[in-house]
Each structure stands twice: as C-alpha cells, then as structure tokens.
Amino acid sequence: MKRPKLKKASKRVSCSKRYKIQKKVREHVRKLRKEANKKGVSKRPKKDLGVPSCAPFKEEVLREAELRRLQIEEETEKKKQAKKEARAKKKETLSKAAEPKAKKARQDVVEKPVENLPAPDKSSKQYLCSELNKVIDASDVLIEVLDARDPLGCRCPQLEEAVLQREGSKKLLLVLNKIDLVPQENVEKWIQCLQLEFPVVAFKASTQIKNKTVQARKRRIVASNEVLDRSRAAACLGNHSLTELLTSFAANKASLKVGVVGFPNVGKSSLINSIKGTLECNVGVRRGITKAMQEVHISKSVKLIDSPGVVASPSNPPASLALRSLQVEQGQETVLEAVRTLLKQCDHSQIMLQYNVPDFRNSLEFLTFFAKKRGYLQKGGVPNTVQAATAFLADWTGAKLSYHCKAPENPRLPAYLCDAVVTEMQTGWDLNILKTGNEETLKGVKFPSQASSIGFISKGPTEGLLSVCNSPEQKPGAAERQVEQNEKPVQSTVEAIDTEESEKAQKPPVRVHFQSVAIDIGRSAATDDAYDFNTDFK
C-alpha cells in the first residue's frame, strides 16, 4: 500500500505472509534438489584426473596442454588491452567534442611543456637552513628557546650574529624553558648570567595540551579533570608574562611577527602551544618533527612563527652533537655511541642513583643493567641494549630527566656583542613586567633538589649552520680532541675503560710465527721422563 506524501510504497509485510514465502522457497529448493539427484547432476564439477602415468608420450601431451593454456591467456590479455584502448579513445573524442571553441583556441596558442620538478627533501640540511632563514627574515622579534638544563650549550653564536646583522633592527629575546627540571639556585644564576646580554624569560611549557575537540569534551567533565590539570606535566608557567611582554612591545605597531628559533627538542613548538592554549604545532619526544615554518595567531597584533631546529655543525664536540643534532635520527651515528658519549660527561655515582643500577664498568654494561631493570628483553631473555639506549637518549633530550650545568662565575660578552648592542636589545621592552613575571614563575614551579639532579659538564655554545656552504669539512669532535691533547684532563673510570676498549679494537691482530728448533733425540732419550723412540723405531 502506498502511503500518502511518499514516493515509494512500504516494503513491510505481515509476519504470516513472510513465513509463508519462506516456506514456499524451502519447498521449491527441496524439489529442485530431488530432481537433480534423480538425473545424477551434482553441483561439484568432476576433478580432472589428468594424463595417466602409464600413458605413452605423457610429457609431450602435458607440454602441449601448457602451451595451449598460455596461448589462450595471451589472447584474452590482448583482447582486454584492445578494449581498454578503444574505450580511452572514445572517451577522449567525446571530451574534445564537448570542449568549448575558445578553450581549444587558447590551448593551441599557448602550448608550454610542464616540467615535473621533484619535491624538495624536507629532512635535508639545505631545506632546513632555507626555512630557518625565512623565519629570521619574516620576523620582527626572534625568541631563542634554551633548555634550562644546559643553556650555554643551546645557544648558537651564528644564529645570534645573523639576527643582529639583519636589516630592520630585529630584537632577540631568550626564553629559558624546562626550568622545572633544574634546581632553583641554578635557574636563578643562569637568569642573572644571561640578563647581562639579552632579556630573559623563565618558562615552563605544558606537555599535555590537547586539540580543540578534546578540550570541548573535557569541559563537560569538570570534577575529574581539575585534578589532572594541576599535575606537574599539565601546568604551564610563564605564558602570561611572555604574552603581556610581547603585547606591550607591539603596542606601537600594527602587527608583530615573532619567530621562535633554537636547536631541536628545546621546546619551540611546546612554547607556542602553551601560549595559544591548544595543540597548534606537532610535538613529540622524537627530534626534528617540525620541518617547515608555521604561523600561529596569538592575538590581533601578535603572530608567532614556528621554525625547524637549527642544524648543528659537524665540528662540534660529540657530547653537543649527541644532544642537539639529528645524527641519530638520520642514521649518521648509532644510539649506543651517543649514550657512551653522554655517560662520559656525567658523574658515575649519580647515574647509578638516578637509574637504580649497580656499579658498571662501561656503557655497554650500563645498558645491560638498564635493559634488565626496564624489562627490555629479546627472545631468550637477552637484554635489548638498543631499546635501552633509545629510552636513555629520550630521557636526556625530552622533558623528563633532571640534570644541570653550572653557570660561569665571571661571564664575558661574546665577540659579536658589545655594550651598545646590549643596551639596544633591552630598549623597547617593559623590564618591570619581565622581572615581576619571572618572580611569579619561579614561585609557582616545584624545583628538584640539588641531590636528585645529575651534574653535567657543558661543552659551551653549539655551532650551527645557516647555509650548507658554510659547513666545515672538519670531522666531528676534532676540536674536542685537540683540547684534550693540550690539557690532558684526568679521565673517569667509565671513560678510561671505553678508551682502552677502543684502543684494543683499533690494534691490528698479532701474527704468531713458528720457528723450527732442532731436537737432540739422543739427549731426550737419556732423560727419565722422555719417551724412548729406539724401542719402537729401530
């Protein structure tokens, strides 16, 4: 029955009618099956028995059958290809006939071959350097993000010098990130030291920022998430003071573009997400996630620009390359070598207490204990040292492990800075907002104790590359080896054992030369213990 105001009639039927239809179908199928059984027709095709083994010329018959089968397959393939070509030609003629005459005339006049240019490799040094230079040129203010655990090692002299030399009187601002992983006294000393050169903002980025859809869901459940948001990882400190500082600086301008630069994994994208309050830039423990510049609007007048990490020069010391370069991710250096380099820069006893492992002689033994402690085991219960080394390196580069470097007691200005440049860099900023914001940030952070933080020896500023042509041909760690030859410092137990093992591995294998020695049989036979050859061989 067709219902009113509906185009199609309903397909619903009563249950009795549906059951009746199903019963009729079953009876019909049963009847067909009986007739097929009477005629001897079965659904299963009979199996081809093939050529019997006792038949003469069996191999020739099988060969002929195979050739026939291949010939049939080739013919069917040719027919398919011919049909496809005919269909394509028909479609092309129809599309040409449907095109307007003006478009045809335009195509006849302008016929230029389109070159298929290859897509740029986003992980190459050339691409990363070009993106970094774009960010420097497009920005009015550059924020250099420093890891508070090693602020001096996160500074790039080439980057700072390039910012000062660019046209347009660009400003440079230092942001000390990850301050919750460093003792308070150490953070205060570093702020005092860095303020002699550039304005410094203490910052603690949030690592649990979600996107807008997740935040909308979280607003419905307020009671349970309030406790989670007060956790150490979710807390963000210093974002209000930094936003207020940038807004006051942009008061006299229509718009302010702020570029965020620094080495990989110092927290550039996390800083932008923390200021914005939502997940705008991709972040992660793995280094080198950001490959291109990205603009994020903070307010009507302030715009932040995310940038890829600065490419570290291969002439840096091995410890700096292990923490701030992408050699491990690009396969230029193994994870085991990076861990061995980092262990040389730390105190032996502090590493044992931090990771709760027994005394170890070298890096391989430490990774074996660490893998057993974390449960990184392969088949047969063998410790997976590569997985343990990856986890250890992630602790050092990510926002998890607490280690610190001592601030210099008598800091000096670098060669590219002078008193006039320092005063110029500090003009235009509201230093009162900066000072009160840093004090409030330091009050709200829960700092680790000096005893629970690992002492780390910093190797000084890390050299970076702004263009690949400036890349020196010096091998990694060459400068450090030269300093070690001049100074000859006292090596730690871990470093001494590792150097001994490497020296043993570098030595060529010693060949054993056998020399023939004349043996006096008569004299040997005269002794009591010797065997008498004359008894058996006469």
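In this text, all values refer to a predicted model and were calculated from it rather than measured experimentally.

Calculation criteria
Residues numbered from 1 in each chain as written. Predicted model: local features only at pLDDT ≥ 70, side-chain atom pairs only at ≥ 80, totals over all residues. Heavy atoms only, no water. Core = buried A, V, L, I, M, F, W, Y, C linked by side-chain atoms within 4.5 Å. Buried < 20%, exposed > 50% of the residue type's maximum accessible area, 1.4 Å probe, protein only. Contact = heavy atoms within 4.5 Å. Phe/Tyr/Trp six-rings, centres within 6.5 Å; stacked < 30°, edge-to-face > 60°. Helix = DSSP H or I, 4+ residues; strand = E, 2+ residues; numbered from the N terminus. Polar contact = N/O pair within 3.5 Å; in protein donor to acceptor, adjacent residues only side chain to side chain. Patch = residues over 30% accessible without salt bridge, like charges linked within 9 Å, V, L, I, M, F, W, Y side chains within 5 Å. Areas by Shrake-Rupley, 256 points an atom, 1.4 Å probe, with all protein chains shown as cover. Salt bridge = Lys/Arg side-chain N within 4 Å of Asp/Glu carboxyl O. Lys, Arg positive; Asp, Glu negative; His and termini not counted. Charge placed at Lys NZ, Arg CZ, Asp CG, Glu CD. Pairing = 2+ DSSP bridges. Axes fitted to C-alpha atoms, helices over the stretch in contact; angles between N-to-C directions.

S.K.: I'd like a description of the nonpolar core, backed by residues and values.
M.R.: Ranked by internal contacts, the top residues of the largest apolar core, which has 63 residues, are Leu 176, Ile 179, Val 187, Leu 242, Leu 246, Val 258 and Leu 271. Residues within four places of Val 187 in sequence aside, it is in contact with Leu 176, Ile 179, Val 182, Leu 442 and Phe 447. With 29 residues, the next largest nonpolar core counts Ala 322, Ile 351, Trp 396 and Phe 456 among its residues.

S.K.: So what's going on with the packing of aromatic side chains? Which residues, and what values?
M.R.: Going through the model one piece at a time under the given rule, you end up with 12 aromatic pairs. Each ring, one from Phe 370 and one from Tyr 376, has its centre 6.5 Å from the other, and the planes form 85°; the classification is edge-to-face. Taking the relative accessible area as the measure of exposure, Phe 370 reaches 1% and is therefore buried. Overall, Tyr 376 belongs to the buried group, its relative accessible area being 17%. Between the aromatic rings of Trp 396 and Phe 456, the centroid separation amounts to 5.6 Å while the plane-to-plane angle is 55°, which identifies the pairing as tilted. Here the residue Trp 396 occupies a position in helix H15 (residues 385–397), and Phe 456 occupies one in the loop between strand E9 (454–455) and strand E10 (464–465), the gap between them amounting to 60 residues. This pair shows no difference in class: Trp 396 is buried, exactly as Phe 456 is. Three or more aromatic residues joined by ring pairs make a cluster, and in this case those are Tyr 355, Phe 360, Phe 366, Phe 370, Tyr 376, Phe 392, Trp 396, Tyr 403 and Phe 456.

S.K.: Quick one: what's the story with the side chain of Ser 274, residue by residue and with numbers?
M.R.: As for its placement among the helices and strands, Ser 274 is situated in helix H10 (residues 268–276). On the basis of relative accessibility, which here comes to 5%, the residue Ser 274 falls in the buried class. In terms of polar contacts, Ser 274 uses its side chain to reach the backbone carbonyl oxygen of Ser 270, at 2.7 Å. What Ser 274 contacts, discounting residues up to four positions off in sequence, is Phe 203, Ala 205, Ser 206, Ile 209, Cys 236 and Asn 239.

S.K.: Tell me what's going on with the environment of Lys 344, and back it up with residues and numbers.
M.R.: One can find Lys 344 in helix H12 (residues 335–344). Residue classification places Lys 344 among the partly exposed residues on the basis of a relative accessible area of 25%.

S.K.: Before we move on, could you go through a positive patch on the surface and cite the residues and values that matter?
M.R.: A cluster of basic side chains, namely Lys 20, Lys 23, Lys 24, Arg 26, Arg 30, Arg 33, Lys 34 and Lys 38, defines a positive patch on the protein surface. Within the element layout of this structure, Arg 26 appears in helix H1 (residues 15–39). Looking at Arg 26, the relative accessible area reads 49%, which means it is partly exposed.

S.K.: Account for unusual backbone geometry, with residues named and values stated.
M.R.: Non-glycine residue Phe 57 carries a positive phi angle of around 55°. Relative to the helices and strands, Phe 57 resides in the loop between H1 and helix H2 (58–98). Judged by its relative accessible area of 61%, Phe 57 is exposed. A positive phi angle, close to 55°, is found at Asn 356, a residue other than glycine. One can find Asn 356 in the loop between helix H13 (348–355) and helix H14 (363–374).

S.K.: Describe the sheet that holds strand E1 (residues 141–147), naming the residues involved and giving the relevant values.
M.R.: Taken in spatial order, the 6 strands of this open sheet run E3-E2-E1-E4-E6-E5, and their pairing is mixed. Whereas interior strands pair on both sides, the edge strands pair on one side only; in this sheet they are strand E3 (200–202) and strand E5 (294–297). Going from strand to strand, the sheet's axes swing by 25° on average, the running direction of each strand aside. Two strands pair when backbone bridges link them, and strand E4 (residues 256–261) and strand E6 (residues 302–306) are joined in this way by 5 bridges, in the parallel orientation. In the strand pairing of E6, Lys 257 is matched with Lys 303.

Worth remembering: the numbers are spatial, not functional.
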